[in-house]
Structures are given as structure tokens and as C-alpha cells.
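# Analysis of the macromolecular model
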Amino acid sequence: MKLIANHANNRFLRSELPGPEDEVDWVKAAIAYGSDSDTLIKNCLQHQRRLDIWMRYDHTVPVSPNLLDKLLRATSQNIFCYLIPDVHHAKTIWWKGYGVYIGSANLTDRAWVTNLEAGMFFSEEELENAGGLQQVSDFFDYLESLEAAFPLTQEIIDEQRELHQERSKVLKRLEDEAKRKRRKPIWEGPAFIDKKKTVEKRKQNFLKEWESGLTVLREIASVVEDHQPDWLRPNTPTSWQADQFLHAYYYNEVTGSGGHPYEKYYMDHRANPRAALERALYWWQSQGKAPSEEDVNLYDRAPVIRSLLDPERIDSLNEDDLIEIILANHSTKDHVSKLPASMLGLPGGTVAKLADRVERFAGWLNDQRNGRGQSFRELVRHVLYGGPRKELPVRLFEAQHDPAFKIPHIGINQLAELAGWAQPDWFPPRNGRTSKSLRALGYDVKIY
């Protein structure tokens, strides 16, 4: 956690921008005012990171037309700008997988360098430990669901440039005339919105996207068996085959040359994802051996999870079983490998082996309870077997978004992957890597 106050403490927001070695899934920003494209925007373009940014729209031209023009021209490079009328005043940036800034700085050179600003930069681990990361996620989900928000267009840029010119010429009569010329009516803000309806809409948006992703995964599972490499054993569940095909494709074809350029792949393949899928399947079929431990995942790790999470056995899970599950579950193991040493009860700066990290995390997790008093074991039982199979995605949403169900450091990626290993005949595994791989193939899925 760092206070970003520019010259007041010689900490500047530009110093926290992630570099090429930092793994960032995507960037979301809510910044009301702006004129600068040489910090956040430039950083995202340099490192090929998708940016969704919500800025303010009104008759006072809160975002410079030059910046709006650059944002619109960068759409082909995965920079997407949306405008919220009149009441938007937030200054928050989330680099997924890296950290979050919440403070007072707008997207201007003065705000990032010379102004007296005050804001906090948190690593994701710090926010997750404090229970705040989900609140940040909910905030951006809320922005995505705002009906008042609209995408940037050339017509809006032309309008804002005209208003800017008029303001420069005739400040005294600007207010009334500018209000008459603006395209969108003044918005009084979201205070009247029913919170329950907002949460329900967010859930329905999630379920719609999740069902779409499952449909793609099931389609891949239906064809992957026709492209089996020679080393693959007979009778391997097709949903597992699909997952490990995507695993191999991502870590060998997408990231094999360094970085995580799945958004670039998405732009190249989105016009015809089926063709990209066919090329990738033929590549998979040609592999004489598992390129990146897919055989270990299929025949050592997946059976462990399937056995331990069997409905007849899950109630008797102990701490040693949790260790086995974490080591076999890609998304959880990856998350634990990135946790700060202090969270695991180790001295700051300690470099611990993964096995030691997992053991400590399992001990910590075994003691955790959600708002309903459920342990991790009980939460997993609820998600996997706590109702009709077709409603499993609803239970996933609850486990991520409802404080009554949420357990820190356990989210949709971990639970959905476990569900896929435990119930391969019904529910294909899906985690962050799965979604990145699908996106690299050109499928318009969300990365959680």
C-alpha cells in the first residue's frame, strides 16, 4: 500500500505503471477529466494491454477533444472509451493482476506530476486480504451496466471540439449556449436506481456471458476428440481434453514468444474464430508429447480433484486434502504463488518454495468462514452440489459477489475450474487461462 501524493512525498502515479515484465490481464479505469495520453494510455498501448476507460461527458468539455480523438483512433488497439454524463467524478484505475489506484488524480499531466494530489495504490493481494478487491470489481461491473453511459464516437468528438472552441471565445455566454448544443440531456445521477435491480442486472449479465462461454467450450469438447494427439489416453473426458488443448495453445502458441498478447490474437482472429480453432486443433494433434504438462494435469492432478470432491467424500476433507486440491488446481496454485510472504505468515521478502506456500495457505484457508459460517469445504459443496446442476453458474456468482458466501482468495476462476474437474460430464473447466485462450482464438469472452 502506497500513498501517491506527488511532490508531497515524492511518490508519483507514473512510477506505479506496470512494466513489460508485469502480468496484467487488462486495465479498467474510471477517470472523469483528462487531457494526457502519455501516461496510462501510452503504457497500455506499449504493452498491448486492453483498456476500458470511463470518462465524463458534459457541455464544459471535461475531456480534451485531442485526447478523445486519440482514444477513438486507438480502438483498433484495444482501447475503448465510454462516456458518463454529468455526474461522473471517480479517479480509479485497476490493472487486473497487478494493482489498483484510488485517489484524486485525473488523467492530466498536472495531476500526475505537479498537483498536490492524494491517492492510494494497493496491490491486488492487499485489497483481496482486506475484502476490497471484489468491491472494486463490483464498481466496474456497475459502470458497465449503466444505461446512461455510451461509447465514444466521432460525432461526440466533433461536438466537444466545437464546444471547446466556443468556450475559448465567449466564456460569458458559454453556459446556456453549450447546454443547448449538447447531444445528450443532463443526467441527474444514479441515486434513484434500485440497488436490488442493479445487482440482479449484474447477475443476469454474468449468466449470459458465462452461458455463452460454456457453449463455446462445449463446442470445442465436441470436436477435440477428432484431433487427439497420440499420447492422449483413450476415454479421457472430452471436456478435460478441451481444457488441456486450450492450456497447451495458450502457453505454447500465444505466450511462447514472451508476454501475454491474447488481445492482439483476438483482434487477428475475431472475424473467423472457427478457422483459428481448426488451425490450433491441427497443431494440438501434431504434438508427439504433451507440450506443457497436459498429461500430468489430465492423469495425475484432475483425478485427485475428481476423487476428493466426490459428493460422497467431500464432507470429510481435511487440511492435507486441501493441500492436494490446491496443488492440482491451476488457478488456485497460480494465485498462491503470487501472494505476499506476509499474508502466508512469512517474513517480508522471504522467497518460499511453492510447496511451503501451498501448505501455509491451506492452513489459513481451512480456518476461514464466510458470512454464513461456511468453511471452504462447505462452500465448494454448496457450489457443486447445492441445487440443480443447471443453476451452478448462479451459485458461482453468489460465491463471488454475495458477502454471505464470499471467502477471501477464492473466486470464480478457482471454483469453476474445480467444478470442471469434479463434474467433467456436465461442466467444462474454466479459469482465467481458459478465457484468455478462448479470447486469443477470437471468441468474445470475458476474463474474470
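Up top you'll find the structure we're talking about.
First, a word on what this report is: a plain description of the structure on this page. (Residues numbered from 1 in each chain as written. Predicted model: local features only at pLDDT ≥ 70, side-chain atom pairs only at ≥ 80, totals over all residues. Heavy atoms only, no water.)

## Re the overall build of the chain
Looking only at helices and strands, one finds 19 helices and eight strands in the chain. Here the C-alpha radius of gyration of the chain, 24 Å, is about what a compact globule of 448 residues would show, namely 22 Å. Taken along its principal axes, the extent of the C-alpha atoms in the chain is 75 × 50 × 40 Å. Taking all 448 residues of the chain together, the buried fraction comes to 55%. (Helix = DSSP H or I, 4+ residues; strand = E, 2+ residues; numbered from the N terminus. Rg over C-alpha atoms; globule rule 2.2 N^0.38 Å. Buried < 20%, exposed > 50% of the residue type's maximum accessible area, 1.4 Å probe, protein only.)

## Describing empty space enclosed by the protein
Counted by the stated rule, this structure contains one cavity of 30 Å³ or more. Within this model, the largest cavity holds a volume of roughly 30 Å³. Taken together, I4, N6, L13, Y101, A105, A111, W112 and E117 form the lining of the largest cavity. Of the residues belonging to the lining of the largest cavity, the class tally is six nonpolar, one polar and one charged. (1 Å grid on protein atoms, 1.4 Å probe; cavity = no way out; pocket = protein on both sides within 12 Å on 5 of 7 lines; lining within 4 Å. Points joined across faces, edges and corners; volume = space filled by probe spheres on them. Nonpolar A, V, L, I, M, F, W, Y, C, P; charged D, E, K, R; others polar.)

## Re the packing of helix α13 (residues 319-328) against helix α15 (residues 354-366)
One way to put it is that α13 packs onto α15 with a least axis distance of 9 Å and a crossing angle of 125 degrees. Here α13 lies oblique to α15, going by the angle between them. Crossing geometry of α13 relative to α15 is assigned as right-handed. Every residue of α15 that contacts α13 at E319, L322, I323, I326 and L327 is listed here: V358, E359, F361, A362, G363 and N366. A class-by-class count of the residues in the contact of α13 with α15 yields seven nonpolar, two polar and two charged. (Axes fitted to C-alpha atoms, helices over the stretch in contact; angles between N-to-C directions. Parallel < 35°, antiparallel > 145°, perpendicular 65-115°, else oblique. Left-handed = near helix turned anticlockwise from the far one by under 90°. Contact = heavy atoms within 4.5 Å.)

## Focus on the packing of helix α10 (residues 262-269) against helix α19 (residues 432-440)
Orientation of α10 relative to α19, taken along the N-to-C sense of each, is 35 degrees, at an axis distance of 7 Å. Between α10, through Y262, E263, Y265, Y266 and H269, and α19, the contact on the second element is made entirely by K436, R439 and A440. Grouping the constituent residues of the contact of α10 with α19 by class yields four nonpolar, one polar and three charged.

## Quick notes on the state of the cysteines
Enumeration according to the criterion identifies zero disulfides in this entry. Unpaired in this structure, C44 has its nearest cysteine sulfur neighbour in C81, at a distance of 13 Å. Using a relative accessible area of 1% as the deciding quantity, one classes C44 as buried. (Disulfide = S-S within 2.5 Å.)

## A word on the nonpolar core
Grouped together as the largest cluster of nonpolar side chains are 95 residues, with contacts concentrated most on W210, F245 and L309. In terms of residue count, the dominant contributor to this core is helix α8 (residues 195-224) (ten residues). Not counting residues up to four positions away in its chain, the partners in contact with F245 are I220, V224, L277, A280, L281 and W284. Residues V24, A29, L68 and A105 belong to the second largest nonpolar core, which totals 35 residues. (Core = buried A, V, L, I, M, F, W, Y, C linked by side-chain atoms within 4.5 Å.)

## Let's talk about the layout of surface pockets
Looking at the second largest pocket, its volume works out to about 480 Å³. Around the second largest pocket sit 20 residues that line it, and D138, Q400, H401, D402 and P403 are the ones nearest its centre. Listing elements by their share of the lining of the second largest pocket, those giving two or more residues are α5 (133-145), α8 and α17 (392-401). With five residues, α17 is the single largest residue contributor to the lining of the second largest pocket. When its residues are assigned to classes, the lining of the second largest pocket shows six nonpolar, six polar and eight charged.

## Focus: the sheet that holds strand β3 (residues 51-57)
Taken together, eight strands build an open sheet; the order of strands is β1-β7-β6-β5-β2-β3-β4-β8 and the sheet is mixed. The sheet terminates laterally at β1 (2-4) and β8 (150-151), the two strands that pair on one side only. (Pairing = 2+ DSSP bridges.)

## Notes on a negative patch on the surface
Together, E319, D320, E324, E359 and D367 make up a region of like negative charge exposed at the surface. Considering every element that reaches the negative patch, the biggest residue donor is α13, with three residues. For E359, a relative accessible area of 46% puts it in the partly exposed group. (Patch = residues over 30% accessible without salt bridge, like charges linked within 9 Å, V, L, I, M, F, W, Y side chains within 5 Å. Areas by Shrake-Rupley, 256 points an atom, 1.4 Å probe, with all protein chains shown as cover. Salt bridge = Lys/Arg side-chain N within 4 Å of Asp/Glu carboxyl O. Lys, Arg positive; Asp, Glu negative; His and termini not counted. Charge placed at Lys NZ, Arg CZ, Asp CG, Glu CD.)

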